[in-house]
Amino acid sequence: MRVLVIGAGPAGTRCAVRIAERLPGTEIVLAGAESALPYDRIALSKVLEGRAEVGDIITHPVGVLRAKGIAYRPATRIVALDCVGRAAVTEKGERVGYDACVIATGSRAARLPLPGADLPGVLLYRDLSDVLAMRRAAMAGGPAVVIGGGLLGLEAAAGLAHAGMKVTVIHAVDWPMERQLDAEAGAMLARRLGARGIRFAMPAKTAAIAGDGRAEAVLLADGTRIPARLVVMSVGIRPETGLAAAAGLAMARGIVVDDQMRTSDPAVFAIGECAEHGGKLIGLVAPALEQAEIAAEAIAGGATAWAPRTDSAALKVSGTAVWSAGEIAPADAEVVTLRDEGTDAYRRFWLREGRLVGAVLYGDTDDSGFYLNLITSGCSVAPFRAALAMGPAYVKVAA
Ligand SMILES: Cc1cc2nc3c(=O)[nH]c(=O)nc-3n(C[C@H](O)[C@H](O)[C@H](O)COP(=O)(O)OP(=O)(O)OC[C@H]3O[C@@H](n4cnc5c(N)ncnc54)[C@H](O)[C@@H]3O)c2cc1C
């Protein structure tokens, strides 16, 4: 049995490891376009902030992979997939045959089609090479602009500010992280980051990036000019699906998969951010790793079905504690709020038919696991509703 895993991000690497454990003796090739060893992508913010070095975030040293019988091929981009001949072709023209193939090509960061978007000094935030380029640019100091005030944009902004740059975040709507936070938590977060020197232009629309040979400023639609030696675009992700589409696999926004992560070709699986299950894409690491487990099991002959769980997200900026899960500010839900202006702590919960459907914690996120369990279990919170916002210790007393 020969298995080819395309993409050595968290999903692809986890899948290769699990196949090796389930089917000892299998010939496994893990082909990754990046030149680094498999690393923890969500820890990139730590590298940017200088709280970790590259070596600290490597998850699978080459010896570990080799000991498991996995042939890791770094800097190996697969450029074509021949589903009939069951082989993939590398950038260098080499054919790699397989009996089962797992596509785990993830996503790429989107680039806004603005005038000046391709100027030197305009970077994206997705992989290790982006972070190292940002660190080099930050060493010279000066003004930086981050376009996009979502979770990744704020992590980039905090990292650049920590490195000594004067950072402005341009965000299209009224508060940052609007997909994870309600307006009040968003405003508190903007104030907290503002106190650390990060400026916000919001709501604001970016019109162009100006510069003579390299980025010098960002121009807003209202004519404002914001100086920038470095511009980081953090405006969303697009599933990396070109390979699968060219191979003729069934596509929607991502590579269409069934409950076992199998594509329209039964010998080819797709997992992680490139896969689309039940009409939905994922954008977080936990479900990507779960899908990796499911595909490995299916390749080994199992048939467990993958089912999406409630998404939760935390901002990884030192000195801020922000977490949210489930539905944020749905119009048809009841609201429970706890606000402590003395400690700058805030909690908001959304309830429907006596059940918790969404939560935002700001300032103190220690109880996040408790609230995530309440959301995913769908149990009634009516018996302890009055104590809900106070956390598990109080809920026990009230229940
Ligand atoms: C800075 C940052 C912070 C994040 N923080 C969080 C967080 O706090 N919590 C969270 O849940 N998620 C976070 N995420 C998202 C998380 O990293 C992704 O959900 C996760 O990495 C998805 O894993 P994946 O394996 O599907 O894809 P990816 O991690 O994108 O890996 C895909 C790999 O495939 C490679 N590849 C692509 N095409 C080819 C090809 N043709 N041939 C060979 N290789 C190829 C790519 O180079 C890449 O290495 C963060 C992402 C970033 C960028």
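Residues numbered from 1 in each chain as written. Predicted model: local features only at pLDDT ≥ 70, side-chain atom pairs only at ≥ 80, totals over all residues. Heavy atoms only, no water.

A few words on the site of the ligand. Around the ligand there are 28 residues in total, and E34, R41, R126, E273 and K316 lie nearest to it. The contact in question runs from an oxygen atom of the ligand to an N or O atom on the side chain of E34, over 2.6 Å. In this structure, I78 approaches the ligand through a main-chain N or O atom, which is 2.9 Å from a nitrogen atom. The fraction of the free accessible surface of the ligand (990 Å²) that becomes covered by protein chains is 92%. Partitioned by chemical class, the residues of the shell around the ligand number 12 nonpolar, nine polar and seven charged. (Near = heavy atom within 4 Å. Polar contact = N/O pair within 3.5 Å; in protein donor to acceptor, adjacent residues only side chain to side chain. Areas by Shrake-Rupley, 256 points an atom, 1.4 Å probe, with all protein chains shown as cover. Nonpolar A, V, L, I, M, F, W, Y, C, P; charged D, E, K, R; others polar.)

Moving on to a nonpolar patch on the surface. Together, L338, M390 and Y394 make up an exposed nonpolar region whose accessible area comes to about 280 Å². Looking at where L338 falls in the secondary structure, it is placed in strand β24 (residues 334-340). (Patch = residues over 30% accessible without salt bridge, like charges linked within 9 Å, V, L, I, M, F, W, Y side chains within 5 Å. Salt bridge = Lys/Arg side-chain N within 4 Å of Asp/Glu carboxyl O. Helix = DSSP H or I, 4+ residues; strand = E, 2+ residues; numbered from the N terminus.)

Moving on, we get to the domain arrangement of the protein. By a frequent convention, interface size equals the accessible area lost on bringing the separate parts together. The domain architecture assigned to the protein consists of domain 1 (2-108 + 237-299), domain 2 (122-233) and domain 3 (321-398). Using C-alpha coordinates to define each centre, domain 1 is positioned 31 Å away from domain 2. Contacts between domain 1 and domain 2 engage 17 residues on the former and 14 residues on the latter. The junction of domain 1 with domain 2 conceals about 1400 Å² of combined surface from both sides, 60% of it contributed by carbon and sulfur atoms. Looking at the side of domain 1 facing domain 2, the largest losses of area belong to L44, L48 and E49, adding up to 44% of the total buried there. Applying the counting rule to domain 1 against domain 2 returns two salt bridges. With a shortest N-O distance of 3.0 Å, E273 and R126 are connected by a salt bridge. Applying the counting rule to domain 1 against domain 2 returns nine residue pairs in polar contact (both at pLDDT 80 or more). The element contributing the most residues to the side of domain 1 that touches domain 2 is helix α2 (residues 44-49), with five residues. Among the residues making up the side of domain 1 that touches domain 2, the classes are represented as nine nonpolar, three polar and five charged. (Domains from an automatic or database assignment. Contact = heavy atoms within 4.5 Å. Buried area = accessible area lost by both parts, 1.4 Å probe.)

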